[in-house]
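# Structural description and commentary
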Amino acid sequence: MLQARGLVEDIARHQGSDKKELWAKIYPTIKIGLIEAEIPEQPLCSEFCQRDGSAILERCRAPCLLGFERCPSHNNSTLASSAPHVEEVERFLDHEGNTYFVDTQNNVRDKTGILRGIVEDDVFFVFKVDAQ
């Protein structure tokens, strides 16, 4: 638009006419196509990390910069250190609303990773905890 306006002013000067009148006639005919850029969906980090002091590893899910597969906090980590052996666990809530995780050996742990009981025949057995 700036180049078009400069050209119109130059033409008006050479013709000896008013540049505002010439611009008013030419402006409606100017068509500038907008650039259609396809912006990809922002990927999320898939590295494992611990959150809120929990012993349970979760996926980071922080947004990644375009062109990277990891978030800035995991971008400098090596593949060997950032890909720990991850065991699949099942999450459940007890009658009081506490969250527990059951591993493949039926051990039950709380969110801090402390062993709290076992599961046998779909029954959760809580280990007795003595208050000290």
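The structure this text deals with has already been given above.
Residues numbered from 1 in each chain as written. Predicted model: local features only at pLDDT ≥ 70, side-chain atom pairs only at ≥ 80, totals over all residues. Heavy atoms only, no water.

The next thing to look at is the overall build of the protein chain. Helix and strand counts for the protein chain come out as 3 helices and 7 strands. Going from N to C terminus, the protein chain has its helices and strands arranged as α-α-β-β-α-β-β-β-β-β. Residues classed as buried in the protein chain amount to 18% of the 132 residues present. For the protein chain, the exposed surface amounts to about 11000 Å²; the carbon and sulfur share of it is 53%. (Helix = DSSP H or I, 4+ residues; strand = E, 2+ residues; numbered from the N terminus. Buried < 20%, exposed > 50% of the residue type's maximum accessible area, 1.4 Å probe, protein only. Areas by Shrake-Rupley, 256 points an atom, 1.4 Å probe, with all protein chains shown as cover.)

Let us now look at the nonpolar core. Grouped together as the largest cluster of nonpolar side chains are 5 residues: Cys45, Cys49, Cys60, Cys64 and Cys71. Cysteine 64 has contacts with Gln42, Pro43, Leu44, Cys45, Glu69, Arg70 and Cys71, leaving out every residue within four places of it along the chain. (Core = buried A, V, L, I, M, F, W, Y, C linked by side-chain atoms within 4.5 Å. Contact = heavy atoms within 4.5 Å.)

Bringing the pattern of salt bridges into the picture now. Where charged atoms from two side chains of opposite charge approach closely, those side chains can pair. All chains considered together, the criterion is met by 4 salt bridges. Among the salt bridges present, the one from arginine 70 reaches glutamate 47, with a minimum N-O distance of 3.3 Å. With arginine 70 in the loop between strand S2 (57-59) and helix H3 (79-82) and glutamate 47 in the loop between helix H2 (19-26) and strand S1 (48-50), this residue pair connects regions lying 23 residues apart in the sequence. Given the relative accessible area of 13%, arginine 70 is considered buried. Among the residues examined, glutamate 47 registers a relative accessible area of 9% and is labelled buried. The salt bridge involving aspartate 110 is made with arginine 116; its shortest N-O contact spans 3.0 Å. (Salt bridge = Lys/Arg side-chain N within 4 Å of Asp/Glu carboxyl O.)

With that settled, the discussion passes to the sheet that holds strand S7 (residues 123-126). Sheet architecture is open: 5 strands sit in the order S3-S4-S5-S6-S7, paired in antiparallel fashion. Edge positions in the open sheet fall to strand S3 (90-93) and S7, since each of these has one partner strand only. Along the sheet, successive strands turn relative to each other by an average axial angle of 35 degrees, direction set aside. The sheet contact formed by strand S4 (residues 99-102) and strand S5 (residues 107-109) spans 2 bridges and is antiparallel. (Pairing = 2+ DSSP bridges. Axes fitted to C-alpha atoms, helices over the stretch in contact; angles between N-to-C directions.)

To continue, consider the environment of proline 63. Examined against the element boundaries, proline 63 turns out to sit in the loop between S2 and H3. Residue class for proline 63 comes out partly exposed when judged on its relative accessible area of 46%. C-alpha of proline 63 to C-alpha of proline 43: the two residues are 20 residues apart in sequence and 6.1 Å apart in space. Ignoring any residue separated from it by four or fewer positions in sequence, one finds proline 63 in contact with Gln42, Pro43, Leu44, Cys71 and Pro72.

Pairing geometry for strand S6 (residues 115-120) and S7, over 4 bridges, is antiparallel. Bridging from a neighbouring strand, glycine 117 pairs with valine 126 of S7. Counted along the chain from S6 to the antiparallel partner S7, the turn is 2 residues long, and its residue aspartate 121 has a positive phi close to 50 degrees.

Any link to function would need more than the numbers given here.
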